[in-house]
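Here is how the chains run, residue by residue.
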Amino acid sequence: MLTGTTTSDDEPPTEADAADTGAPTAPFASSPRGARFARRLAVRWMEDWGYPPESDASCAVALVVGELTANAVRHGHVPGHGCRIRLGLDEGAGLVRIEVCDAAAAKRPPAAPPPTCPEGESGRGLLLVDVLAARWGWTPRRPVGKTVWAEVPTEPAT
C-alpha cells in the first residue's frame, strides 16, 4: 500500500468544502493533550459511523490521526494558534479522509517518508501514515498554514 504523497494538483477537496459535506470538524490545542483529544474524537466519530473502536478501520484512523496531530503539535506549532481536525467518510470509495490543519505554512512535510535509523527514538510517523493510508499529502491553507491529509481504507461498517 506504499503509494507516496500527492500535492494540491491531484488532491481532492479540503476543509473549505467541510460546510458542503457536513464532515465533522473540531479545533484542538497545539499541545500533546490537544493531540490526544483529537485522536479520541476521531475514534468517537468513527463509532458514530458504525466502526467500533476495536475495528481495523477505527484503529488505523486513530493511528494516522495520532501521527498527524503529533506532527502538527511538534512541527506546526505557532504561538497563539491552535490546530483543527476534520474527518470525512466516503462509503462509496471505502475511505475515511483525515485532515489536520496547523498555522505553520513554512514547515512542510517531506514528499516521502524520511528514511529512519532502526535505533532512532522518532521519525517513523510518516512511514506509518504511508503504510496505513491509500494516499496522503498536504496543501496550503488560507489565510495561513497548511493542511496535511490522509485517506485511510475502511472495511464495511457493522
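Above this text you will find the structure in question.
Scoring rules and cut-offs
Residues numbered from 1 in each chain as written. Predicted model: local features only at pLDDT ≥ 70, side-chain atom pairs only at ≥ 80, totals over all residues. Heavy atoms only, no water. Helix = DSSP H or I, 4+ residues; strand = E, 2+ residues; numbered from the N terminus. Buried < 20%, exposed > 50% of the residue type's maximum accessible area, 1.4 Å probe, protein only. Contact = heavy atoms within 4.5 Å. Areas by Shrake-Rupley, 256 points an atom, 1.4 Å probe, with all protein chains shown as cover. Salt bridge = Lys/Arg side-chain N within 4 Å of Asp/Glu carboxyl O. Expected span 1.5 Å × (residues − 1).

Caption draft 1: Here's a closer look at the overall build of the protein. Looking only at helices and strands, the protein features four helices and six strands. Helices and strands in the protein line up, N terminus first, as β-α-β-α-α-β-β-α-β-β. Taken over 158 residues, the protein has a buried fraction of 41%. Taking the contacts inside the protein whose residues are at least 6 apart along the sequence as the reference set, 69% of them involve residues at least 24 apart. Summed over all atoms, the accessible surface of the protein reaches about 8300 Å², with 55% contributed by carbon and sulfur.

Caption draft 2: Just the pattern of salt bridges, in detail. For the structure shown, the criterion picks out five salt bridges. A salt bridge links K146 to D102, with the nearest nitrogen and oxygen atoms 2.8 Å apart. Placement of K146 in strand β6 (residues 146–153) and of D102 in strand β4 (residues 95–102) is noted, with a sequence separation of 44 residues between them. E151 is the salt-bridge partner of R135, the closest N and O atoms lying 2.9 Å from each other. Of this pair, R135 sits in strand β5 (residues 135–140) while E151 sits in strand β6, and the two are 16 residues apart along the sequence. Relative accessible area serves as the criterion here: at 8%, E151 is assigned to the buried category. Taken together, the shared-partner salt bridges in this structure form one network comprising R86, R97, E99, R135 and E151.

Caption draft 3: Inspection of helix α2 (residues 32–48) at higher detail. For α2, which comprises 17 residues, the first-to-last C-alpha distance of 25 Å matches the rise-based estimate of 24 Å (1.5 Å per residue) to within 8%. In the core, the buried residues of α2 are packed alongside β2 (25–28), α3 (56–75), β3 (83–90) and β4. Looking one or two places after α2, you find G50, whose phi comes out positive at around 100°.

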